Structure formats: structure tokens, C-alpha cells
Amino acid sequence: MPHVVTQSCCNDASCVHACPVNCIHPTPDEPDFHTAEMLYIDPATCVDCGACVSACPVGAILPHTKLADEQLPFLPLNADFYREPRPPAPLLAPKPPPLRVRGGEPPRVAIVGSGPAAMFAADELLTVPGARVEVFERLTVPYGLARTGVAPDHPKTRQVTDLFDRISAQDGCRLFLGVEVGRDVTHEELLEHHHAVIYAVGASSDRRLDVPGADLAGTATEFVAWYNGHPDHAHRTYDLSHRRAVIVGNGNVALDVARVLASDPERLAGTDIAPAALRALRGSRIEEVVVAGRRGPAQSAFTVAELRGLLDTPGIDVAIEGADLDPGPDEASLPHSTVHKLRMLRELDGRAPSGRRRVTLRYLVSPERITRDGVEFARTELVGGRAVPTGETEPVEAGLVLSSIGYHGRPVPGLPFDAATGTVPNVAGRVGTGEPVAGAYVVGWIKRGPTGFIGTNKSCARETVRTLVDDFNEHRLPAPKASPGALDRLLSSRREVPQPA
Ligand SMILES: Cc1cc2nc3c(=O)[nH]c(=O)nc-3n(C[C@H](O)[C@H](O)[C@H](O)COP(=O)(O)OP(=O)(O)OC[C@H]3O[C@@H](n4cnc5c(N)ncnc54)[C@H](O)[C@@H]3O)c2cc1C
Ligand SMILES: NC(=O)c1ccc[n+]([C@@H]2O[C@H](COP(=O)([O-])OP(=O)(O)OC[C@H]3O[C@@H](n4cnc5c(N)ncnc54)[C@H](OP(=O)(O)O)[C@@H]3O)[C@@H](O)[C@H]2O)c1
Ligand code: SF4
Ligand code: SF4
């Protein structure tokens, strides 16, 4: 029986390199890799060796026999990718050689942040013999959005924190919790104690709606942080007393929030959800969550895996509104995942409601104004792939409106910043696009913007660390002035900074 990929996961492709029979596609060398939401295992050629399971950093691959009920739909999803014969696969590009440093003291590196990008960068650096890595996290709990973003009812995804625990327990790695770089220690001080500083600070802000009344809407960023118990957002309160909530945007975050709002709270009890959020959800009167996309179903920003998760959540009806789901003559030219998404949406269309809470996927509407009563939407049509208002409007009453239109990075003191993309300009992770900023590197969402899955940060980290090691070998990183033990003395002289975990 074959193995199966069960999550959106692309870009890392460790499994592809581990597979002895090249049955996981698309590979990074195939053209459809860049549009694929996930990779797929060919059931006809998989020899069940299990090598991909241990290579996958996020536990996305399982043998067919170990699939939980809710993962069973991934079996036909993987097989379907191979229904049409694929062109012969190009030979896999060889894996890059192991990292080596030349002469002198091995690198000492500070990493700011402890999210997935930080932990994958630490893991990559620790492959250098003798390397020392110090990770600084401003919160007293580590691992960034892997803890404070991933939905509480996705415990399997959250298990990636076990991998991060193993990385931080390796020789040469120290994790300092409750240390905010810029407040407790400066960039210059870190550089006195390290050859280089890698910023892995993520994208902690969000894109804001630019319409009248936008301040009346909450944001999915804050709502997610609230239900996940992020200390910066624990004090928030939300009005759940009305029967309808509206979420603007239809990415994976919007679907997470819709699922949490529409779930039976008892399903969430026993997960890592914040107790205050669970209490509020138990008192919620919300019956319908409208997820509003400004474009059509084929442009839905959510992935097949997240849609599957929503459809399989017990007690939730999913309805479609405002969308033309006709396959059309061009469907065959669409990416595999889009074809699948449309097929899943078509199966839903016309399904009789069961009277439970419902999530309505509403298409071709863009908010024109937020009011105390809800949202005034402009109806839109697709013109050249863009949403253009038709001139018709549609009010939707709601007690809670959340915008979920993407995250946005914040400037890092002392580093250049591109305000439009919310990223630190860099070349392959080295900060600066002209003259580089000495000793400064970036990885993860602050490097490439707020897109991608946990696994995406692994290949991103590999690139940054290779750039850093090249600079080290080319003597572009001066040896730190301070001795290794001096950092502990510096930190303990500041505030009540906790000792490394
Ligand atoms: C709501 C949500 C749900 C998601 N769910 C999934 C999912 O189910 N599956 C999946 O594959 N991907 C998921 N993702 C995507 C995934 O979480 C991201 O790809 C990943 O977390 C980005 O990693 P990062 O390290 O760049 O940033 P982050 O995870 O945000 O980590 C940044 C870290 O830096 C710390 N920090 C910031 N400033 C400082 C400072 N000055 N000093 C010290 N520390 C600092 C922060 O506290 C934080 O811990 C989700 C994303 C979101 C937003
Ligand atoms: N389970 C998981 O694997 C998981 C869970 C959560 C998040 N993530 C990942 O984390 C990343 C961030 O997710 P996200 O949901 O925040 O962002 P996203 O995927 O970029 O989705 C943003 C949504 O907002 C819409 N939008 C943007 N600007 C708008 C505007 N001005 N008015 C109306 N709508 C607007 C977009 O529509 P257009 O397409 O029309 O621009 C899109 O529907 C993604 O890569 C996601 O896959 C993964
Ligand atoms: S189980 Fe073995 S043969 Fe099957 S996909 Fe994984 S690595 Fe390839
Ligand atoms: S996360 Fe990476 S290793 Fe795991 S299945 Fe996806 S591409 Fe393969």
C-alpha cells in the first residue's frame, strides 16, 4: 500500500531527495512545482520504504494504513495527480554538498526569533562542525506561529514543535526566552558576541483594509493570536452576540478563523485553545460565518488541504454563493490543485443545509465600507484576473467583521526596510541590495514576505545559511570581540532576563 502526502507543504522537497524510486512529484526541477500547493506520491510506483516519512520536517507523509479518517481523502487526491500520464521527469539536481568552514574559530551566530524559519536556520547551521547558535525569543514560549498561528484544532501540524525541541536541544544550540532584541540587547551588542546575526522576526503586523470604517473591523491576525493565547493579545474581547460574522479575504487564515468560529466549542475543548477564547466561543450566538473573496472560486486563496479540513469538520455546513462553478473549456489548463478545488466546490453546490452552523464561501464581492451594522460590499467581476466593481452593491449585516487580507512585516531597527512588501531587502538572505549590511541576514517571512507553509521556511533557511557560510569562508565576518561566556554576563546585567531554556 502506498504512502500519502496529507498537507499543503511545498518548497522544501526533502522527501523528493529521500525517495529511492522518484515517485514524489512535482519535483523542484519540474515546471508545475512552482504552482503546486503540495506534492503527491504515485501509488503505482511507491515501494513503501518509508524513507520520505523521516525526511519530512512537518510529518506530512503517512503510510496509507495509518491515515486517520479525516486524512482518507488525501489517498485519491495523491493518486489523481497521476491519472494523466506525466512527461518523463528530469533527473534530480544533486543535493548541495555539506556545509564546511575554513580555519579559525567555527561560526558563532545569533538568531532573532524562534519561529519555524529560526529553527530551520539553527538546524542548518548546526551541521557545521563546532558551530554555536544562540536563539533569542521575545516571548516566554518559543516557536512563533507554529504555536501562536497554527489553529488549535490542528494538533498534528503543531507537532512540528517536537522537531524544534530536538533542534534546540542539540549541542551548540541555546534558546533564550523572554529576550527582545532591540529592548534587552542591541544588534551591535549581538555582533560583539557573534560573527553574524540572522533576523527571523516574522511578519507580526497585518495589511489593513483601505475603506471607510475600516477601524470598525477587527483583524484575523489579532483574532488568531487571541484564540491561541498570545500574551500581546490575551486582553482582547470580541462581540459574538450577533448571528453572523464576516471575514474579508479567503486565504488559509480566513478558513482557520471561520472554522474556529463555526465549530462546536466542545470540539475545541481539550485543544491548546486559550481558556478565555473557549469561554467566549461557548457563549457565541454566531450561526453563519461569511468568507468573502473579491475574485472567483478558481482564484480562492485557500488550499485544497484547508478546504478539505473545513468540509470534514463535524457540525459545519459549507455553502457557496455568488460563484459560477461551470468547469468551462479552459479547466484542463488550470493547475491540478485548482481543478481539485473547483471539483470540491461543485460537489457542495446545491447540497441541502442540515440546520447546523454554516460557513458561506461568498465570491465576487469586495468591501466598500464597514459600518456598525456590518459590511457594504461592491459586487465585482473578473477582468483580466482582477476584481473590478460592477456598480452594484450589497449590504451584509454582521456583528463581527474581521479582515484577513494578509500579514505584514515591521521594520527592524538599523536595517533597511521595504514598506510596500513589509520585508528587509536582501540578496539570498544577506541584508542589503547594494552594499550589504555587515553581519546581518534574514530568513522566513521578514525575508520573503508573509506567504508559505512551515516547510517552506526550510529551503529558505538553507539559502540564508549557505550565504552566511560563504561570507564566513571569504573572511567577510570579523571574529567577535567578546568571549563566548561574556554574553551571559551581559544579559544577566539587564532586567530580569531569564536564563537559556
Ligand atoms: C494564522 C496562521 C496559521 C498558519 N497555519 C499553518 C499551518 O497550519 N501549516 C503550515 O504549514 N503553515 C501555517 N502557517 C504558516 C507558518 O506559520 C509560517 O510559514 C511560519 O510561521 C513563518 O515563520 P517565521 O519564523 O518567519 O515567523 P514566525 O513564526 O512569526 O516567528 C517569528 C518569531 O520572532 C519573534 N520575534 C519577533 N521580534 C523579535 C525580537 N525583536 N526579539 C526576539 N524575538 C522576536 C516572534 O515572537 C516570533 O516567535 C500559518 C500562518 C498563520 C499566520
Ligand atoms: N494550514 C495551512 O497550511 C495554513 C494556515 C494558515 C496560513 N497558511 C499560510 O500563511 C500564508 C498567509 O495566509 P493568509 O490567509 O493571511 O494570506 P493569503 O493566502 O495571501 O490570502 C489573502 C486573501 O486576502 C485577499 N485580499 C488581499 N487584499 C485584499 C483587499 N484589499 N480586499 C479584499 N481582499 C483582499 C486576497 O484576495 P486576492 O487573491 O484577490 O488578492 C486573499 O483572498 C499563506 O501562504 C497561507 O497558505 C497556511
Ligand atoms: S515510501 Fe519510499 S517509495 Fe514511497 S514515496 Fe516514500 S520514499 Fe518514495
Ligand atoms: S513538507 Fe517537504 S518533505 Fe514534507 S511532504 Fe511536503 S515537500 Fe515533502
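Conventions adopted
- Residue positions are counted from 1 within each chain, in the order its sequence is given.
- To read the labels, note that chains go from A and ligands from 1, taken in the order they are written.
- Two thresholds apply to this predicted model, a pLDDT of at least 70 for residue-level local features and 80 or more for giving and counting side-chain atom pairs, whereas whole-chain, interface and lining totals are computed over all residues.
- Calculation of side-chain values draws on the structure's entire complement of heavy atoms; hydrogens and water are dropped beforehand.
- UniProt positions are given in the numbering used here, feature names are shortened, and annotations may be inferred rather than shown by experiment.
- Each helix is a run of H or I in the DSSP string that is no shorter than four residues. Each strand is a run of E no shorter than two, and both are numbered from the N terminus.
- Using C-alpha atoms as the atom set, the radius of gyration is obtained and then compared with a globule rule of 2.2 Å times the number of residues to the power 0.38.
- Three labels apply to residues, based on accessible area from a 1.4 Å probe with only protein chains included: buried if under 20% of the type maximum, exposed if over 50%, partly exposed otherwise in between.
- In what follows, residue pairs with any heavy atoms lying within 4.5 Å of each other are defined as contacts.
- We treat Lys and Arg as the positive residues and Asp and Glu as the negative residues; His and chain ends play no part in the count.
- Charge placement uses NZ in Lys and CZ in Arg. For Asp and Glu, CG and CD serve respectively.
- The source of the domain bounds is an automatic or database domain assignment.
- Two parts placed together each lose some accessible area under a 1.4 Å probe, and the buried area is that loss summed for both.
- Within this document, salt bridges are pairs made up of a side-chain nitrogen of Lys or Arg and a carboxyl oxygen of Asp or Glu, the two lying within 4 Å of each other.
- Directions drawn from the helix axis to the C-beta atoms are what define this arc.
- A cutoff of 4 Å decides nearness: a residue is near a molecule or strand if any of its heavy atoms lies inside that distance of it.
- Definition of a polar contact: a pair of N or O atoms within 3.5 Å, with one able to donate and the other able to accept a hydrogen when the atoms are protein atoms, and with sequence-neighbouring residues admitted only if both atoms are side-chain atoms.
- Shrake-Rupley sampling with a 1.4 Å probe provides the accessible areas, and residues are treated as covered by the protein chains on show and by no other component.
- Pairing between two strands requires that DSSP report at least two bridges joining them.
- Between N-to-C directions, angles cover 0 to 180 degrees, with each direction set by a line fitted to C-alpha atoms, over the stretch in contact for helices.
- Gly counts as polar in this scheme, as do all residues outside two lists: the nonpolar Ala, Val, Leu, Ile, Met, Phe, Trp, Tyr, Cys and Pro, and the charged Asp, Glu, Lys and Arg.
- Only residues whose relative accessible area exceeds 30% and that take part in no salt bridge are eligible for patches, with like-charged residues grouped when within 9 Å of each other and nonpolar side chains (Val, Leu, Ile, Met, Phe, Trp, Tyr) grouped when within 5 Å.
- The definition of a nonpolar core used throughout is a set of buried Ala, Val, Leu, Ile, Met, Phe, Trp, Tyr and Cys residues joined through side-chain atoms within 4.5 Å.
- Oblique is the label for every angle not falling under 35 degrees (roughly parallel), over 145 degrees (roughly antiparallel), or within 65 to 115 degrees (roughly perpendicular).
- Here a crossing is taken to be left-handed if its near helix is turned anticlockwise relative to the far helix by less than a right angle, and right-handed if that turn runs clockwise.

- As annotated in an unreviewed UniProt entry, the protein chain carries the name ferredoxin--NADP(+) reductase and comes from Actinomadura algeriensis.
- Under Catalytic activity (unreviewed entry), UniProt gives the following word-for-word description of the protein chain: "2 reduced [2Fe-2S]-[ferredoxin] + NADP(+) + H(+) = 2 oxidized [2Fe-2S]-[ferredoxin] + NADPH".
- In its Cofactor (unreviewed entry) section, the UniProt record describing the protein chain reads: "FAD".

Notes on the overall build of the protein chain
Phase 1: On a plain count of helices and strands, the protein chain comes out with 17 helices and 22 strands.
Phase 2: Taken against the 2.2 N^0.38 rule, which gives 23 Å for 501 residues, the C-alpha radius of gyration of the protein chain at 24 Å falls within 12% of a compact globule.
Phase 3: Along the longest, intermediate and shortest principal axes, the C-alpha atoms of the protein chain span 70 × 55 × 45 Å.
Phase 4: The buried share among the 501 residues of the protein chain stands at 52%.
Phase 5: Sequence-distant contacts, at least 24 apart, represent 75% of the contacts inside the protein chain between residues at least 6 apart.
Phase 6: Charge separation in the protein chain, taken as the distance between the mean sites of 52 positive and 62 negative side-chain charges, equals 3 Å.

Digging into the domain arrangement of the protein chain
Phase 1: Taken domain by domain, the protein chain consists of domain 1 (3-80), domain 2 (108-204 + 409-492) and domain 3 (207-407).
Phase 2: Put simply, the middle of domain 1 and the middle of domain 2, counted by C-alpha atoms, are 29 Å apart.
Phase 3: Contacts between the two partners involve 14 residues from domain 1 and, on the opposite side, 12 residues from domain 2.
Phase 4: Between domain 1 and domain 2, the buried area comes to about 890 Å², and carbon and sulfur atoms account for 56% of it.
Phase 5: Our count for the domain 1 to domain 2 interface comes out at 0 salt bridges.

Some points on helix α12 (residues 275-282)
Phase 1: Looking at α12, one finds that the buried residues are A277, L278 and L281. Take α12 and look down its axis: the buried residues cluster within an arc of 100°, on one side only. Projecting away from the buried face of α12 at angles above 90 degrees are the exposed residues P275 and R279.
Phase 2: Looking at the buried side of α12, the elements it contacts are α9 (220-227), α10 (252-262) and α11 (265-268).

So, the environment of I198
Phase 1: Mapped onto the secondary structure, I198 falls in strand β8 (residues 196-199).
Phase 2: As for I198 and G113, which are separated by 85 residues in sequence, their C-alpha atoms are 8.9 Å apart.
Phase 3: Excluding anything up to four places from it in sequence, I198 contacts V109, A110, I111, V112, A121, L125, Y441, V442, V443, T464 and L468.

Describing the site of ligand 2
Phase 1: In the vicinity of ligand 2, 21 residues are found, and the nearest of them are N250, R294, R295, E306 and G452.
Phase 2: In this structure, an oxygen atom belonging to ligand 2 sits 2.9 Å away from a side-chain N or O atom of N250.
Phase 3: Between an oxygen atom of ligand 2 and a side-chain N or O atom of R294, the distance comes to 2.8 Å.
Phase 4: When ligand 2 sits alone it has 930 Å² of accessible area, and the protein chains cover 78% of it.

A look at the sheet that holds strand β16 (residues 374-383)
Phase 1: Spatial ordering of the open sheet is given by β15-β16-β17, a layout of 3 strands whose pairing is antiparallel. Whereas interior strands pair on both sides, the edge strands pair on one side only; in this sheet they are β15 (365-371) and β17 (386-397). Between one strand axis and the next, the sheet turns by 25° as a mean value, whatever way the strands run.
Phase 2: The sheet contact formed by β16 and β17 spans 9 bridges and is antiparallel. The residue of β17 that forms the bridge with E381 is V388.

Quick word on the site of ligand 3
Phase 1: Around ligand 3 there are 14 residues in total, and C19, C46, C49, G50 and C52 lie nearest to it.
Phase 2: Residues belonging to the shell around ligand 3 are distributed by class as follows: 11 nonpolar, 2 polar and 1 charged.

Topic: a positive patch on the surface
Phase 1: A contiguous patch of positive charge on the surface is contributed by R207, R294, R295 and R386.
Phase 2: The topology assignment puts R295 in the loop between β12 (288-292) and α13 (304-311).

Examining the side chain of S8
Phase 1: You can see S8 is positioned in the loop between β1 (3-5) and α1 (14-18).
Phase 2: Engagement of the side chain of S8 in a polar contact is seen with the side chain of T303, the distance being 3.0 Å.
Phase 3: Those residues in contact with S8, other than ones at most four positions away along the chain, are E37, M38, T303, A305 and F453.

With respect to the nonpolar core
In a soluble, globular protein the nonpolar side chains are often hidden away together inside.
Phase 1: Core analysis: the biggest nonpolar cluster contains 110 residues, and I111, F164, Y227, L261 and L361 have the highest contact counts within it.
Phase 2: When sequence neighbours within four positions are dropped, the list of residues in contact with Y227 reads A151, P152, D256, V257, V260, I273, A274 and A277.
Phase 3: In terms of nonpolar packing, the next biggest core, distinct from the first, is built from 20 residues, A110, F176, Y199 and V424 among them.

Quick word on the pairing of β15
Phase 1: In this structure, β15 lies alongside β16, joined through 6 bridges in antiparallel fashion. Directly across from I370, in β16, lies its bridge partner V375.
Phase 2: What sits between the antiparallel neighbours β15 and β16 is a turn of 2 residues.

Focus: the packing of α13 against helix α14 (residues 336-348)
Phase 1: It is the contact of α13 with α14, at a shortest axis distance of 10 Å, that shows an interaxial angle of 20°. Taken together, the axes of α13 and α14 lie roughly parallel to each other. As for the relative orientation of α13 and α14, their crossing is left-handed in sense. Counted together, V304, L307, R308 and L311 of α13 and S337, H340, K341, M344, L345 and L348 of α14 form the full contact between these two elements.

Regarding unusual backbone geometry
Phase 1: Following H25, the chain continues into P26 via a peptide bond in cis, with omega recorded as -5°.
Phase 2: With respect to the element layout, P26 can be found in the loop between β2 (24-25) and β3 (40-41).
Phase 3: Of note, L364 is a non-glycine position whose phi angle comes to about 60°, a positive value.
Phase 4: By secondary structure assignment, the location of L364 is in the loop between β14 (357-362) and β15.
Phase 5: A relative accessible area of 22% places L364 in the partly exposed class.

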